[in-house]
Amino acid sequence: MRLLNFKTAAALVAIAGIALFAIVSIEVQAQATAVDPAATQILKRMTEYLASLQKFSVHTQNTLEDVLDSGHRVDFDVSANVIISRPNKLKAERSGDLINQIFYYDGKTLTLYNPSDKVYAREPVTGTIEEMLDFARESLGLIVPVADLVYRNAFPLLMQDVTFAAVVGKSVINGVKCDHLLFSRPGVDFQVWVANGSKPLPFKYVVTDTGTPALMSITTVMSDWKTSPTVADSQFVFVSPKGAKQITFMPL
Amino acid sequence: MKTILKISVVAITLALMLIADLPFLPVQLVPEADAILGVRRRTARRTAVVVGSTASAQTAAAQQQTAAAPQQAAAPQQAAAVAPPPAAAGKPLPLGTVVSALPAGCTSTPVGGVEYYYGGGNFYRAVYQGNNLVYVTAKPQ
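None of these values were measured; they are calculated from a predicted model. (Residues numbered from 1 in each chain as written. Chains lettered and ligands numbered in written order. Predicted model: local features only at pLDDT ≥ 70, side-chain atom pairs only at ≥ 80, totals over all residues.)

Novice: So what's going on with the overall build of chain B? Which residues, and what values?
Specialist: Tallying secondary structure elements over chain B gives four helices and five strands in all. Listing every helix and strand of chain B by position from the N terminus yields α-α-α-α-β-β-β-β-β. A burial count over chain B gives 24% of its 141 residues as buried. (Helix = DSSP H or I, 4+ residues; strand = E, 2+ residues; numbered from the N terminus. Buried ≥ 20, exposed ≤ 12 C-beta atoms within 10 Å, placed from the backbone.)

Structure (structure tokens):
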């Protein structure tokens, strides 16, 4: 009887082992086939190209889906014009339903200006655009439009936790032929449309929150890309308009 | 014989559990397993909160964008939720109270180079809370 029990135990362990192996191999297989290297390669090419640009300007049109407290589905639109001059100059102008704001960074000071309210706030900062963006977000709670286009290490950031990647197909965004990519990671699905040819710029982004059943998205359509715009340093310097009043940032 | 029976029962049970746990089947032994593990909640929080911490530099663009949405979209809701205090001289609000709009009929008064707004028994000062322009009750000095 004791011998029998031992045999049973051994057999059970063996079966459990096989079952475990089966589960693991199914998962590994699923993951290996779900991330299409063709998609990640296009994304990598795009991020490397963006990082290589010393200066660029772009117009973006953002649509934020939302549900009002009344339960009605509504879209908010914000358009932005962004000019970047690496390493340390940025100007971003946003206007739309929710916001009418200009953001300046001249390498020494960041300024946020609301033209319609005629108020602005300034904060001394030094460093690269990336360092300034980190500071703005962490210390002041500021969101700067298309900040994600500026980061030089965008590729590993975008690919973090990605469980699925695919090339959906080809489409034309604002007259530009693009590869349509789809990526998924826990809680977020994102789609990117990357131009074909020698300038692999993004022309559209859709980020969907898959953490809630409503599947809300933010859509950004980019146009008017200029990869070597003529910029003057003075463009990035805020000059207080007559009658504008200085206020402060509320510390986080 | 008994042993074989025992083993096969266990094996079949294991196999059944495996099948039931396969993702393509609608049946799941532990529905919302990821929610239980906190994955979903964590993700929701990560996307809701404005990306902070040093890890934020490593946070993906996608998340930054999703982070921007609730924050930006919150503006109109906030406006609706935080009703402007009554214009008539009501009870003064505690210092540091944040409102998204000034009460009607506020008058502006510069005190020591700072613009204050007076209305409903309170002085307000304009400040940026993140990207949002808000008004905070303050004591002019």
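Now that the structure has been shown, we can carry on.
Novice: Go over the overall build of chain A with me, naming the residues and quoting the values.
Specialist: Scanning chain A from N- to C-terminus turns up four helices and 13 strands. Within chain A, the fraction of its 252 residues that count as buried is 33%. Of the contacts made within chain A by residues no fewer than 6 positions apart, 47% connect residues no fewer than 24 positions apart. (Contact = placed C-beta atoms within 7 Å.)

Novice: Can you tell me about unusual backbone geometry, naming the residues and giving the values?
Specialist: Residue and element names in this part refer to chain A. In this structure, the amide linkage connecting Arg-86 to the following residue, Pro-87, adopts the cis form with an omega of 5 degrees. Within the element layout of this structure, Pro-87 appears in the loop between strand E2 (73–85) and strand E3 (89–96). One non-glycine residue, Lys-118, adopts positive backbone phi at about 55 degrees. Of the residues examined, Lys-118 has 13 C-beta atoms within 10 Å and is grouped as partly exposed. Notably, Leu-215 is not glycine yet its phi reads approximately 50 degrees, a positive angle.

Novice: Let's hear about the pairing of strand E11 (residues 217–226) of chain A: which residues, and what values?
Specialist: All names here are of chain A. Judged from the seven bridges that link them, strand E1 (residues 55–67) and E11 form a sheet pairing that is antiparallel. Residue pairing for E11: Thr-63 is matched across the bridge by Thr-219. Sheet analysis places strand E10 (residues 202–209) next to E11, joined by five bridges and oriented antiparallel. For Lys-204, the partnering residue across the bridge sits in E11 and is Val-221. (Pairing = 2+ DSSP bridges.)

Novice: Quick rundown of helix H3 (residues 129–139) of chain A? Include the residues and the values.
Specialist: Those residues of H3(A) that sit buried are Ile129(A), Met132(A), Leu133(A), Asp134(A), Ala136(A) and Arg137(A). Contacts from the buried residues of H3(A) go to E2, E3, strand E4 (100–105) and strand E5 (109–114) of chain A.

Novice: Requested: an account of the pairing of E2(A), with residues and values cited.
Specialist: A regular strand places its side chains so that they alternate between the two faces of the sheet. Residues and elements named next belong to chain A. Sheet topology places E1 next to E2; 13 bridges connect them, and they run antiparallel. What sits directly across from Thr-63, in E2, is Asp-77. Taken together, E1 and the strand that follows it, E2, pair antiparallel across an intervening segment of five residues, in which Gly-71 is found at a positive phi of about 95 degrees. The hairpin formed by E2 and E3 contains three residues between the paired strands.

Novice: Can you lay out the confidence of the model for chain A for me, pointing to particular residues and giving the numbers?
Specialist: Chain-level pLDDT for chain A is 90 on average; 92% of the residues reach the 70-or-more range. Ranking the helices and strands of chain A by mean pLDDT puts strand E8 (residues 176–185) of chain A first, with 97, and helix H1 (residues 2–34) of chain A last, with 66. (pLDDT = per-residue confidence, 0-100.)

Novice: Outline the confidence of the model for chain B, supporting the account with residue identities and numerical values.
Specialist: Model confidence for chain B is summarised by a mean pLDDT of 63, while 45% of its residues fall at 70 or above. This model gives residues 30–83 of chain B a pLDDT under 50, and the stretch forms 87 contacts once residues within four places in sequence are excluded.

Novice: If you had to explain helix H2 (residues 37–52) of chain A to someone new, which residues and values would you point to?
Specialist: Note that an α-helix has 3.6 residues per turn; residues three or four places apart therefore point the same way. All names here are of chain A. Here H2 contains 16 residues, and its C-alpha end-to-end distance of 22 Å stays within 8% of the 22 Å for a straight helix at 1.5 Å per residue. Buried within H2 are the following residues: Ala-39, Ile-42, Leu-43, Met-46, Thr-47 and Leu-50. For H2, the buried positions fall inside an angular range of 130 degrees around the axis, keeping them on one side. In H2, those exposed residues whose orientation departs by more than 90 degrees from the buried face are Pro-37, Ala-38 and Ser-52. On the buried face of H2, the contacting elements are helix H4 (154–159), strand E7 (164–173), E8, strand E9 (188–195) and E10. (Expected span 1.5 Å × (residues − 1). Arc of directions from axis to C-beta.)

Novice: Could you give an account of the environment of Asn122(B), with specific residues and numbers?
Specialist: As for its placement among the helices and strands, Asn122(B) is situated in strand E4 (residues 122–129). Sequence separation of Asn122(B) and Pro92(B) is 30 residues, and the distance between their C-alpha atoms is 5.7 Å.

Novice: Explain the environment of Met132(A) to me, using residue names and the numbers behind them.
Specialist: All names here are of chain A. Assignment of secondary structure puts Met-132 in helix H3. A count of 24 C-beta atoms within 10 Å places Met-132 in the buried class. Contacts of Met-132, omitting those with residues within four sequence positions, involve Tyr-105, Leu-110, Val-125 and Gly-127.

Novice: Describe the sheet that holds E5(A), and please don't skip the residues or the numbers.
Specialist: Residues and elements named next belong to chain A. As summarised here, the arrangement of the twelve strands in space is E7-E8-E9-E10-E11-E1-E2-E3-E4-E5-E6-E12, forming an open sheet in which the pairing is mixed. Either end of the sheet is taken by a strand with one partner, and the two such strands are E7 and strand E12 (245–246). With two bridges connecting them, strand E6 (residues 119–124) and E12 associate as parallel partners. For Val-119, the partnering residue across the bridge sits in E12 and is Lys-245. Set on the sheet, H2 makes contact with E7, E8, E9 and E10; between it and E7 the angle comes to about 65 degrees. (Axes fitted to C-alpha atoms, helices over the stretch in contact; angles between N-to-C directions.)

Novice: Tell me about the environment of Ser100(B), and name the residues and values.
Specialist: Structurally, Ser100(B) can be placed in the loop between strand E1 (98–99) and strand E2 (107–111). Separated by 36 residues in sequence, Ser100(B) and Val136(B) have C-alpha atoms that sit 8.7 Å apart.

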